[in-house]
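# Working through the structure, step by step
Residue-level listing of the chains:
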Amino acid sequence: QVQLVESGGGSVQPGGSLRLSCAASGSWFSFTNWGWYRLAPGKQREWVAVITTGGTVNYVASVKGRFTISRDNAKNTVYLQMNSLKPEDTAVYYCNDARSRLPWGQGTQVIVSS
């Protein structure tokens, strides 16, 4: 079983930045594509970003130009750098493999408000 532990969330003013981390316990981290997802109140879980084994990235349109996904295979960790945060980015953020086939972790809360 792979366990996913997200961290780095918090409360920030609009326009601020956060860097989220996702640590995957001993697994086949380097052999799969990884993604970030978010769950906002009243909405279904939304795919946000993906990074492939080869380093190719893609994002949901609403975060392009503001968020950057990256990975460190040696650390079994995927990151999400979040800049120019907006209130609509408020959500619990989760990581998973790109097929979302692992049990969801606890997520990390991001609150953007003024």
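Throughout what follows, the structure given in this document is the object of discussion. (Residues numbered from 1 in each chain as written. Predicted model: local features only at pLDDT ≥ 70, side-chain atom pairs only at ≥ 80, totals over all residues. Heavy atoms only, no water.)

### Some points on the pattern of salt bridges
- In the structure shown here, the tally under the stated rule is four salt bridges.
- When the shortest N-O distance is used, the salt bridge between Glu 46 and Arg 38 registers 2.8 Å.
- The partner of Asp 89 in a salt bridge is Arg 66, with the nearest N and O atoms 2.7 Å apart. Highlighted residues: Asp 89 in the loop between β8 (77-82) and β9 (91-97) and Arg 66 in the loop between β6 (57-59) and β7 (67-72), separated in sequence by 23 residues.
- Asp 89 gets classed as buried once you look at its relative accessible area, which sits at 1%. (Salt bridge = Lys/Arg side-chain N within 4 Å of Asp/Glu carboxyl O. Helix = DSSP H or I, 4+ residues; strand = E, 2+ residues; numbered from the N terminus. Buried < 20%, exposed > 50% of the residue type's maximum accessible area, 1.4 Å probe, protein only.)

### Let's talk about the sheet that holds strand β3 (residues 18-24)
- The four strands lie next to each other as β1-β3-β8-β7, forming an open sheet whose pairing is antiparallel. Only two strands of the sheet have a single partner each, and these edge strands are β1 (4-7) and β7. Within the sheet, the average angular offset between the axes of one strand and its neighbour, ignoring direction, is 15 degrees.
- Where β1 lies against β3, four bridges are found, and the strand directions are antiparallel. Residue pairing across strands places Glu 6 opposite Cys 22, the latter belonging to β3. (Pairing = 2+ DSSP bridges. Axes fitted to C-alpha atoms, helices over the stretch in contact; angles between N-to-C directions.)

These results come straight from atomic positions and should not be treated as a statement about function.
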